[in-house]
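# Survey of secondary and tertiary structure
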Amino acid sequence: MYRHFGEVDAAGKSPLYERVAVALSESEEALRAIGAAPVRKRRPTVILAALQDLALAGRAPALAAAYAAADGDAAADAAIDTLLRMTDSVVAVAVRRPPRPDETGRCAVLYPAIAEAARRVGADAVGLIDVGCSAGLNLNVDRVGITYSNGQSLGDPSSPVQMSCSIVGDRPVPTRAVPEVVARIGVDLDPGDVTDEEEARWLRACVWPDQSERIARLEAELALAATVPPLLLRGDPVEMLPDAVSRVPAGALPVVTTTWALSRFPLESRLRFLHRLDEAATGRAVAWVSAEGVGVAPAIPTLGDRRASGHSIIGLAVFEQSALRAEAVGRCWSQGRMLAWRADS
């Protein structure tokens, strides 16, 4: 697993992690140390993030220095040494902290779909509810700038957070703006609080150490999110949906967003998620914007695409007056870095 991560996943993307992962795969002592972690916490991305968390905390200075110098050989030696000397600490970090996915690109998918949901309902304001919210960075979708490869742009061109997305096909994304956001709510079993020093450090640790552009963007995202911290609700996201929706002020459209979050739930829970959305829509319209793998989001058409096809479906569902209107408004690839819009707007 570690050799594959180094030679395939990190190859061409992170020379440091390529070298470190291969070195770990070749060290029987390192592999035994990794084996001290629970099975689901032994993945390279988790263990490498735990090692980097210790480096960022000043507890593994040799590893921090090797990463800063972009010295792959020194990083490999330091990573093995840290893992062997501080096995209990590495495992403790890995167990305590859930992996935080790279959210870059998700706003490029969410922004036009949220604006379209508001248009269809005639809403002048929205309340955003991000399910499986990780660090809640999606909740600032209206406060970032997005540039598409066809020359279109959305969001705030003066924002410190700027994103880019490649358009696939000839159809442009709708240029309508997201209306005023009056609530930002994150719902997750373990939501990340960007104002917490340790949580912010863990987010940094989850970024590969030689991806300087991504590191700079994360710092800008953290600074932006800290200026308007979201309301974080801790618990089963499916069961907490009605409560989250009730916290959106009257007159605003609650827009629930899921981005590659539902795949971790069994089918029964995903169907219950749909039922909870329907319950929450009693007396008011509720929209759901999703970016999930083909066939993962219940009620969202698959467009005849095959499961595990390498792309995801962008779904838009509106629950209003006991009726559900669900549509696939586009496809996306690479966690939102490529987008093909298909809906008439």
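Below: a short report on this structure. Since we're looking at a predicted model, the values are computed, not measured.

Basis of the calculations
- Residues numbered from 1 in each chain as written.
- Predicted model: local features only at pLDDT ≥ 70, side-chain atom pairs only at ≥ 80, totals over all residues.
- Heavy atoms only, no water.
- Buried < 20%, exposed > 50% of the residue type's maximum accessible area, 1.4 Å probe, protein only.
- Helix = DSSP H or I, 4+ residues; strand = E, 2+ residues; numbered from the N terminus.
- Pairing = 2+ DSSP bridges.
- Salt bridge = Lys/Arg side-chain N within 4 Å of Asp/Glu carboxyl O.

## Considerations on the pairing of strand β1 (residues 125-131)
Within β1, seven of the seven residues are buried, which leaves it mostly tucked inside the rest of the structure. What you see with β1 is no split at all: A125, G127, I129 and V131 on one side and V126, L128 and D130 on the other are buried throughout. Sheet topology note: the β1/strand β5 (residues 180-188) ladder contains seven bridges and is parallel. Each bridged residue has a counterpart across the sheet, and for I129 the counterpart in β5 is I185. Where β1 lies against strand β7 (residues 253-259), five bridges are found, and the strand directions are parallel.

## With respect to the pattern of salt bridges
Across all of its chains, the model carries 22 salt bridges by this definition. As a salt-bridge pair, R3 and E7 come within 2.9 Å of each other at their nearest N and O atoms. You can see R3 and its partner E7 sitting in helix α1 (residues 2-9), four residues apart, about one turn around the helix. The class of E7 is partly exposed, set by a relative accessible area of 45%. Where E279 meets R276, a salt bridge forms, and the shortest distance between an N and an O atom there is 3.2 Å. Placement of the pair is E279 and R276 together in helix α12 (residues 267-280), with a separation of three residues, close to one helical turn. Taken together, the salt bridges that share partners define one network made up of E116, R119, R120, R176 and E327.

## Some remarks on unusual backbone geometry
Non-glycine residue A299 carries a positive phi angle of around 80°. Summarising the element assignment, A299 is placed in the loop between β8 (286-293) and β9 (312-320).

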